[in-house]
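Structural description and commentary
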Amino acid sequence: MRRPSYSQFAVLLISLIFASVPRASVDAPITEALVNKPLIKWHGSWQQGSLLLGQVEPGTTLSHQGQMIKTTADGQFLFGLGRNAPATSTFVVTDLTGVKTTEAFRVAARNYTIQKVEGVPQRTVEPPAGQLQRIQSDSALVVQARRLVSDKTDFLSGFIKPLEGPITGVYGSQRYYNGVPKSPHYGLDYAASTGTIVKAPAAGVVRMAHNDLFYSGGTLIIDHGHGLSSSFLHLSEILVEEGHRVQQAEPIARVGSTGRATGPHLDWRMNWRNQRIDPALVLESFPAQSPAQ
Ligand SMILES: [Zn+2]
């Protein structure tokens with residue numbers, strides 16, 4: 001075998017170096033690329049519906065699909081993956097000197113439970129015509145309640161279950177009535193009798209305490225900071241007021257079957273900005289450090 005010349009060897013070496021750093025962007029300096037040290041460290045699981053806690057060098061800014069992501073002074077931030085999040089999430093990281101680097105992460109797809117129900121009376125499939133305006137104004141109120149991306153970091157404490165009870169509904173499941181897909185179920189449902197106390201899974205600020213939304217009845221929204229919120233649906237009673245702070249494990253409401261619920265249960269939902277995330281994954285990845293009781 002002929003010995004490769006020095007220049008051939010150099011070309012090979014350089015192409016090997018670049019092949020091993022697919023995440024470095026073209027405008028990143030080569031020294032950075034050679035080190036190939038990931039700029040973002042993560043806690044949480046990379047799958048659809050997941051919440052992740054990221055860590056970057058303090059002072060770094062980052063964006064995802066052109067949207068800036070809020071970071072704390074020490075470089076921590078939240079990122080949420082929706083039910084149908086695409087296979088890759090790409091971030092643009094800008095360091096203190098203004099150098100931009102992109103980092104991409106793979107997102108695992110989940111299989112959601114799909115139920116097909118035939119022979120359902122048509123009136124239960126379509127939204128009631130006389131209520132459309134109310135349904136729209138309800139949803140505008142909810143969007144407004146979740147709009148704020150505050151500096152609070154209550155999510156850093158981790159989360160506890162809002163109550164103990166069997167899980168009767170999971171995130172992501174979807175029903176087809178007479179072949180027509182209904183919107184997926186985004187909550188984690190706990191069976192519990194009317195009047196059972198609901199505890200705050202983490203501290204936060206009450207952004208909505210509404211007794212009667214058309215679909216969700218008594219509805220409570222708690223803001224845990226950085227655009228992360230918990231919603232509690234079908235409540236029979238709300239024990240806290242809008243604008244007030246609640247502590248982790250504080251009683252905030254009572255279970256009910258208000259709105260369009262088939263029976264008493266708690267439906268707990270979570271959002272990160274406009275992404276609906278799975279509370280079950282949040283409990284799994286971020287259990288409270290010392291569960292307050
Ligand atoms: Zn539910």
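Quick caveat: nothing in here was measured; it's all calculated off a predicted structure.

Glancing now at the pairing of strand β6 (residues 88-94). The pairing of strand β3 (residues 61-64) with β6 spans four bridges and is antiparallel. By the bridge assignment for β6, S63 is matched with V92. Pairing analysis gives seven bridges linking β6 to strand β7 (residues 100-106), with the strands arranged antiparallel. Opposite V93, over in β7, you have T101 as the bridge partner. Between β6 and the antiparallel strand that follows it, β7, lie five residues; G98 among them carries a positive phi value of about 90 degrees.

Relative to the 20 Å expected for 14 residues at 1.5 Å per residue, helix α4 (residues 132-145) spans 20 Å between its end C-alpha atoms, a close match to the ideal helical length. Residues I135, D138, V142 and A145 constitute the buried set of α4. One face of α4 carries all of its buried residues, which in axial projection span an arc of 85 degrees. Every exposed residue of α4 that faces more than 90 degrees away from the buried side is listed here: Q133 and Q136. Where α4 is buried, its residues touch β14 (204-213) and β15 (217-225).

Now for the coordination of the zinc ion. Protein coordination of the zinc ion is provided by H185 (NE2), D189 (OD), D189 (OD) and D267 (OD), with donor distances spanning 2.1 to 2.5 Å. Each of the four donor atoms around the zinc ion contributes to a set of angles spanning 55 to 154 degrees, which defines the coordination as irregular. Written as a sequence motif, the donor residues of the zinc ion are H-x3-D-x77-D. The exposure class assigned to H185 is buried, which follows from its relative accessible area of 19%. Under the relative-accessibility criterion, D189 is labelled buried at 10%.

By the definition in use, this model includes three cavities of 30 Å³ or more. Estimates place the volume of the second largest cavity at around 50 Å³. Taken together, A145, R146, L148, R207, I221, D223, G227, L228 and S229 make up the full set of residues lining the second largest cavity. Breaking the lining of the second largest cavity down by element, the ones donating at least two residues are β15 and β16 (228-235). Of the residues contributing to the lining of the second largest cavity, the split by class is four nonpolar, two polar and three charged.

Taking strand neighbours across the sheet as the criterion, the three strands line up as β8-β10-β11 in an open arrangement whose pairing is mixed. Looking at which strands have only one partner, the edges of the open sheet turn out to be β8 (114-117) and β11 (180-181).

Procedures and definitions
- Residues numbered from 1 in each chain as written.
- Predicted model: local features only at pLDDT ≥ 70, side-chain atom pairs only at ≥ 80, totals over all residues.
- Heavy atoms only, no water.
- Pairing = 2+ DSSP bridges.
- Helix = DSSP H or I, 4+ residues; strand = E, 2+ residues; numbered from the N terminus.
- Expected span 1.5 Å × (residues − 1).
- Buried < 20%, exposed > 50% of the residue type's maximum accessible area, 1.4 Å probe, protein only.
- Arc of directions from axis to C-beta.
- Contact = heavy atoms within 4.5 Å.
- Donors = N, O, S within 2.8 Å, 3.2 Å for Na, K, Ca; no water.
- Tetrahedral: all angles 85-135°; square planar, octahedral: opposite > 155°, others 65-115°.
- 1 Å grid on protein atoms, 1.4 Å probe; cavity = no way out; pocket = protein on both sides within 12 Å on 5 of 7 lines; lining within 4 Å.
- Points joined across faces, edges and corners; volume = space filled by probe spheres on them.
- Nonpolar A, V, L, I, M, F, W, Y, C, P; charged D, E, K, R; others polar.

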